[in-house]
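Coordinate analysis (summary)
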Amino acid sequence: MLAGCKAWPEEFAARYREAGCWHGETFGELLRKRAAAHGERVAVVCGDRRISYAELDNRVDRLAAGFLKLGIKAQERVIVQLPNIASFFDTIFALFRIGALPVFALPVHRRNEIVYLCGFSEAAAYIIPDMESGFDYRHLAAQVQASVPSLRHVIVAGDPGPGTFVSLDDLYLDDSECSSYGSDAEGPDPGDVAFLQLSGGTTGLPKLIPRTHDDYIYSLRMSAEICSLDKDSVYLAVLPVAHNFPLSSPGVLGTLYAGGRVVLARSASPETAFPLIASEGVTIAAVVPPLALIWLEAAPSRSEDLSNLQVLQVGGAKFSAEAAQRVQTVLGCKLQQVYGMAEGLVNYTRLDDPEDITVHTQGRPMSPYDEVRLVDEDDVEVAPGEVGELLTRGPYTIRGYYKADKHNAKAFTTDGFYRTGDLASMTPSGYLVIQGRSKDQINRGGDKVAAEEVENHLLAHPSVHDAAVVAMPDEYLGERTCAFVIVHHGAVSGNELKAFLRNRGLAAYKIPDRVEFMDSFPHTGVGKVSKKQLRELAAQNQDVRLNLS
Ligand code: OOB
């Protein structure tokens with residue numbers, strides 16, 4: 001396994017193989033088989049382009065050869081920051097085929113995140129679009145390359161500009177040239193890491209999640225089965241496809257696994273998504289709760305025919321029961337709640353579950369081999385029905401983050417359970433209800449913000465003496481971010497601090513929505529900053545100085 005990664009103990013690996021979870025197949029082989037089975041069927045729709053399975057497979061071979069020619073080697077890391085475009089699939093499957101490892105960045109990530117990812121993963125290449133949503137990724141890449149000199153290549157889907165960046169389109173070799181770069185020779189082992197996902201994070205620096213071919217393909221197979229995907233399924237990707245939810249739950253990869261069709265949307269707005277649902281006959285789509293609210297609001301006044309849509313998946317953050325109740329009547333489709341995490345475990349409500357379950361629970365684990373425990377602060381299991389922290393291990397849940405031994409000792413129990421930091425209860429029939437969170441994270445409508453990461457950036461400002469970042473309730477996003485700040489000298493405004501964070505290259509979703517100044521922080525009995533009290537203050541939305549005096 002890749003250095004810096006923790007494999008499953010052999011007894012567990014053997015169990016998962018014997019149980020038929022791990023089939024010993026790689027992503028490269030998977031696509032090859034789908035191309036053989038579904039050849040001319042459309043795999044991916046992107047704007048006017050319709051790409052068949054056979055064409056995708058061929059493009060992947062030609063690009064894989066191009067990557068090899070460029071000097072990208074097996075096990076090398078490649079930061080992939082692409083929006084919902086067809087090249088995303090060529091790119092990741094080509095990297096999978098040669099055993100190079102995509103590191104999935106999100107389109108919203110900026111200099112701070114990308115410099116860190118490139119440096120920490122010792123990336124060989126960084127793959128970007130030219131422009132997207134008015135942002136020029138080539139400027140970002142130039143800054144990244146200046147900070148990470150070891151980065152060998154910047155590859156651009158689109159116009160690479162005048163400098164040294166490489167055009168992705170130019171990398172595809174002709175069929176005749178491919179054999180000399182032997183992309184089929186010595187593919188990766190199914191037990192190898194296939195790619196690295198970014199964790200939502202709770203610490204100062206983001207963590208990387210190594211997922212293997214075996215474990216991820218198993219999660220696709222189970223997800224596709226639970227969501228009844230087959231070759232007639234049409235999946236609409238409105239969320240950024242690099243995120244675990246639209247990537248694999250069952251997402252775009254689960255749809256390709258089932259031989260279905262992936263329709264890529266450049267925007268999640270009803271104006272873009274609804275016409276695609278109608279024209280492509282979309283059968284399943286996945287959204288985060290704030291987006292579900294927008295769709296619910298828009299649907300009654302729109303004229304598109306959404307009748308093909310059978311399932312709307314909602315996940316990434318808690319979906320209110322009130323909104324959940326409206327999905328079937330307003331959109332005319334079944335609601336499926338999805339509670340998952342890039343570290344592994346994914347829970348689904350099932351398509352034949354009664355409404356009471358789909359509305360009020362976040363589903364149950366997808367695999368019979370998922371182990372779930374709800375524990376108290378001493379790791380003792382709570383009584384049935386009680387709330388506890390959810391711990392989990394299983395055939396597609398990692399045993400450790402990449403190069404993070406110290407953090408792993410805290411984030412995993414000694415017997416290999418991942419501490420999700422989520423507080424949940426379980427119904428008698430085994431469904432989970434998410435009740436809150438013990439981790440120091442803000443879930444901003446599905447975007448996860450690690451409080452400590454933002455606090456560290458605030459502390460870098462010369463006027464900031466101390467900072468504490470907490471969630472405040474928000475009707476639309478569920479939560480927004482409030483930063484409490486103590487200044488020790490000089491005057492600084494909230495807007496100046498936000499600009500300071502932006503200038504440090506922090507992604508926009510991590511910039512606090514609100515900044516409040518205080519003279520001192522409330523403390524707990526043991527002298528720690530009481531985030532509980534700060535959350536209460538933020539929720540009250542009052543003058544915090546008066547509240548504390
Ligand atoms: C998904 O993955 P991540 O890694 O961005 O975030 C995981 C965290 C969970 O630990 C939990 O705190 C929260 O996001 N979460 C939910 C939720 N789904 C995720 N909280 C309440 N209700 C839900 N339905 O967000 C993710 C990965 C795969 C599938 C779906 C979501």
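What you are looking at is a predicted structure, and each value in this text was computed from that prediction instead of being measured. (Residues numbered from 1 in each chain as written. Predicted model: local features only at pLDDT ≥ 70, side-chain atom pairs only at ≥ 80, totals over all residues.)

Within the protein chain, the regular secondary structure consists of 20 helices and 27 strands. Relative to the compact-globule value of 24 Å for 549 residues, the protein chain shows a C-alpha radius of gyration of 23 Å, a close match. The principal-axis extents of the C-alpha atoms in the protein chain amount to approximately 75 × 55 × 55 Å. For the protein chain, buried positions account for 51% of its 549 residues. Across the protein chain, every contact between residues at least 6 apart in sequence was considered, and the portion connecting residues at least 24 apart equals 68%. (Helix = DSSP H or I, 4+ residues; strand = E, 2+ residues; numbered from the N terminus. Rg over C-alpha atoms; globule rule 2.2 N^0.38 Å. Buried ≥ 20, exposed ≤ 12 C-beta atoms within 10 Å, placed from the backbone. Contact = placed C-beta atoms within 7 Å.)

Residues in close proximity to the ligand total 22 residues, the closest being Phe245, Tyr339, Gly340, Met341 and Ala342. Those elements giving two or more residues to the shell around the ligand turn out to be helix 10 (244-248), strand 16 (334-341), strand 21 (418-426) and strand 22 (432-437). Tallying contributions element by element places strand 16 first for the shell around the ligand, with five residues. For the shell around the ligand, the residue count by class is eight nonpolar, ten polar and four charged. (Near = placed C-beta within 6 Å. Nonpolar A, V, L, I, M, F, W, Y, C, P; charged D, E, K, R; others polar.)

Per the UniProt annotation, the sites labelled "domain: AMP-binding enzyme C-terminal" (unreviewed entry) are residues 453-528. Strand forms 33% of residues 453-528 and helix 22%; the C-alpha atoms that close the span are 18 Å apart. (UniProt positions renumbered as here; feature names shortened; annotations may be inferred.)

One face of the sheet, then the other: side chains in a regular strand alternate in exactly this way. Strand 20 (residues 388-393) sits mainly inside the fold: six of its six residues count as buried. Sheet topology note: the strand 19 (residues 371-375)/strand 20 ladder contains five bridges and is antiparallel. Note that in strand 20 the partner of Glu371 across the bridge is Arg393. Looking at chain direction, strand 20 and strand 21 are connected through four bridges and run antiparallel. The residue of strand 21 that forms the bridge with Thr392 is Tyr418. (Pairing = 2+ DSSP bridges.)

Before going further, it helps to examine the pairing of strand 25 (residues 464-474). Bridge count for strand 25 against strand 26 (residues 478-487) is ten bridges, and the pairing is antiparallel. Residue Pro473 lies in a different strand from strand 26, and its bridge partner there is Glu479. Taking the residues that link successive antiparallel strands as the turn, the strand 25-strand 26 hairpin has three residues.

The subject of this paragraph is the packing of helix 2 (residues 27-38) against helix 3 (residues 53-70). To characterise two packed helices, one gives the angle between the axes of the helices and the distance between these axes. The contact between helix 2 and helix 3 brings their axes to 8 Å, and the two run at 145°. You can see that helix 2 and helix 3 cross each other, and the crossing is left-handed. Together, Leu31, Arg32, Arg34, Ala35 and His38 of helix 2 and Tyr53, Ala54, Leu56, Asp57 and Val60 of helix 3 make up the contact between the two elements. In the contact of helix 2 with helix 3, the residues fall into six nonpolar, one polar and three charged. (Axes fitted to C-alpha atoms, helices over the stretch in contact; angles between N-to-C directions. Left-handed = near helix turned anticlockwise from the far one by under 90°.)

For the rest of this paragraph, the subject is the sheet that holds strand 25. Read from one edge to the other, the open sheet built from three strands follows the order 25-26-27, with strand pairing classed as mixed. The sheet is open, and its two borders are formed by strand 25 and strand 27 (514-517), each paired with just one other strand. With direction set aside, neighbouring strand axes in the sheet form an average angle of 25°. Of the strand pairs in this sheet, strand 26 and strand 27 are connected by four bridges, and their pairing is parallel. Following the sheet pairing, Phe484 is matched in strand 27 by Glu516.

This part takes up the confidence of the model for the protein chain. Of the residues in the protein chain, 98% reach a pLDDT of 70 or more, and the chain-wide mean stands at 96. Here residues 545-549 is modelled with pLDDT under 50, and outside its nearest four sequence neighbours on either side it reaches six contacts, counting other chains as well. Here the predicted complex scores 0.97 on pTM and 1.00 on ipTM. (pLDDT = per-residue confidence, 0-100.)

On to helix 6 (residues 137-147). Three or four residues apart is the spacing at which side chains of an α-helix point the same way, because the helix has 3.6 residues per turn. Within helix 6 the residues assigned to the buried category are Tyr137, Arg138, Leu140, Ala141, Val144 and Gln145. Buried residues of helix 6, seen end-on, are gathered within an arc of 150° and therefore sit on one face of the element. Relative to its buried face, helix 6 has exposed residues pointing more than 90 degrees away, namely His139 and Ala146. In this fold, the buried residues of helix 6 make contact with helix 5 (111-121), strand 5 (125-129), strand 6 (131-132), strand 7 (135-136) and strand 8 (153-157). (Arc of directions from axis to C-beta.)

Before going further, it helps to spend a moment on the sheet that holds strand 13 (residues 261-264). Across the sheet, which stays open at both edges, the nine strands sit in the order 2-1-13-12-14-15-16-17-18 with mixed pairing between neighbours. Each having just a single partner strand, strand 2 (49-52) and strand 18 (364-365) make up the two edges of the open sheet. Both strand 12 (residues 234-237) and strand 13 contribute to a ladder of four bridges, which runs parallel. The residue of strand 13 that forms the bridge with Val234 is Arg261.

On to the nonpolar core, then. Side chains of nonpolar character tend, in soluble globular proteins, to be buried together. Of all hydrophobic cores here, the largest spans 149 residues; its most connected members are Val78 and Val287. Here Val78 is in contact with Ile72, Leu95, Ala100, Leu101, Pro102, Val103, Ala123, Ala124, Ala125 and Ile127, once residues within four sequence places are set aside. Within the second largest apolar cluster, 25 residues are counted, among which are Ala451, Val464, Phe484 and Leu534. (Core = buried A, V, L, I, M, F, W, Y, C linked by C-beta atoms within 7 Å.)

Note that Asn408 resides in helix 16 (residues 405-411). Since 17 C-beta atoms lie within 10 Å of it, Asn408 is described here as partly exposed. Taking the C-alpha atoms as reference points, Asn408 and Lys6, separated by 402 residues in sequence, lie 9.6 Å from one another. Filtering out sequence-adjacent residues up to four positions away, Asn408 remains in contact with Lys6, Gly400 and Tyr401.

Attention shifts here to the environment of Cys46. The residue Cys46 is located in strand 1 (residues 42-46) in this model. For Cys46, a count of 19 C-beta atoms within 10 Å gives the class partly exposed. In sequence terms Cys46 and Ala460 are 414 residues apart; their C-alpha atoms lie 42 Å from each other.

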